[in-house]
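Per-entry structural report
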Amino acid sequence: MTRGGQKKRPEEPERRCIATGETQPRAGLIRFVVGPDDTIVPDLLGKLPGRGIWVTADRDALEKAAKKGLFSRGAKRAVKVPDGMADTIEAALVGRVVHLISLARKAGQAVAGYEKVKDWLVKGDADVLLQSSDGSERGKSKLRPPEDTGLFVGVLTAQELGLAFGRENVIHGALAAGGLSTRVVEEAAKLEGLRGKDGGKGPRKGTKTR
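The structure displayed is predicted, hence computed values, not measured ones. (Residues numbered from 1 in each chain as written. Predicted model: local features only at pLDDT ≥ 70, side-chain atom pairs only at ≥ 80, totals over all residues. Heavy atoms only, no water.)

A few words on the overall build of the protein. When its secondary structure is counted, the protein shows seven helices and nine strands. Residues counted as buried form 48% of the 210 residues belonging to the protein. Put simply, of all contacts in the protein between residues at least 6 apart along the chain, 65% involve residues at least 24 apart. Accessible area for the protein stands at about 10700 Å²; split by element, carbon and sulfur atoms hold 49% of it. (Helix = DSSP H or I, 4+ residues; strand = E, 2+ residues; numbered from the N terminus. Buried < 20%, exposed > 50% of the residue type's maximum accessible area, 1.4 Å probe, protein only. Contact = heavy atoms within 4.5 Å. Areas by Shrake-Rupley, 256 points an atom, 1.4 Å probe, with all protein chains shown as cover.)

Rendered as structure tokens:
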């Protein structure tokens, strides 16, 4: 498993991080381009025009790239790096993960609530277990990630997870297998690199991401 919680996929394009010098699949990196005003712009969707500059989805790597002038080196010209860029990217990634989970919910591929999640886990309908970073550890320990995938996302707060399900707060959630599930895991792994495992609450033993 590569840095950022991403498995290397067969023939998946790889890029080199300007901060670490490591080459890895694009799923574990954040793409940047130079905007019209020579300002570095994060391209989370990977669709902006221009030559891509890649940084590992990790707060330390992003801050190193900004402080050491590595974006200018990668762009081969002087560029401007916005203040607080790591925080901006973190907030954008939260929005991305919440949006993707919301799409899964609307498609009938996500459920919330302890009993519903437990039922999906027992029946084998769950591909990914979602749990809030600030929920009770005792309560969360009663549910384990799906045995066949071991996939767990615990980087959103209860309020953020609640936004995805149209509720005030959500502690437990689950995703069914599918493209949305894969995208949630990938984007959550990037978010984890920005705010730490379990939203900065510390790593959860025995769990993994895709």
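In this section: helix α3 (residues 85–106). Given a rise of 1.5 Å per residue, 22 residues ought to cover 32 Å, and the 32 Å separating the end C-alpha atoms of α3 matches this to within 8%. Backbone geometry just downstream of α3 places Gly-108 in the positive-phi region, at approximately 75 degrees. (Expected span 1.5 Å × (residues − 1).)

Between side chains of opposite charge, a pair can form when the charged atoms approach closely. On inspection of all chains with the given rule, the structure shows eleven salt bridges. The shortest N-O distance in the salt bridge between Arg-31 and Asp-43 comes to 2.5 Å. Remark: Asp-43 occurs in the loop between β4 (40–42) and β5 (53–56) and Arg-31 occurs in strand β3 (residues 29–34); sequence separation between them is twelve residues. Overall, Arg-31 belongs to the buried group, its relative accessible area being 12%. Between Glu-187 and Lys-190 there is a salt bridge; the shortest N-O distance is 3.9 Å. One end of the pair is Glu-187 and the other is Lys-190, both in helix α7 (residues 179–195) and three residues apart, which spans about a single turn. Judged by its relative accessible area of 7%, Glu-187 is buried. Here Lys-190 falls in the buried class, since its relative accessible area comes to 10%. Residues participating in the shared-partner salt-bridge network are Arg-59, Glu-63, Asp-87, Glu-90, Glu-160 and Arg-195. (Salt bridge = Lys/Arg side-chain N within 4 Å of Asp/Glu carboxyl O.)

This paragraph deals with the pairing of β5. Where burial is concerned, the two faces of β5 agree: the one with Ile-53 and Val-55 and the one with Trp-54 and Thr-56 are both buried. Where β3 meets β5, four bridges bridge the pair, whose relative direction is antiparallel. If you follow Ile-30 over to β5, its bridge partner there is Val-55. (Pairing = 2+ DSSP bridges.)

Whenever strands of a sheet pair, they do so through backbone hydrogen bonds, lying parallel or antiparallel. If you trace the three strands from one edge of the open sheet to the other, you get β4-β3-β5, paired in antiparallel fashion. This sheet does not close on itself; its edge strands, each paired only once, are β4 and β5. For this sheet, the mean angle separating the axes of adjacent strands, direction not counted, is 35 degrees. Helix α1 (residues 59–67) rests against β3 and β5 of the sheet, and its axis sits at about 135 degrees to β5. (Axes fitted to C-alpha atoms, helices over the stretch in contact; angles between N-to-C directions.)

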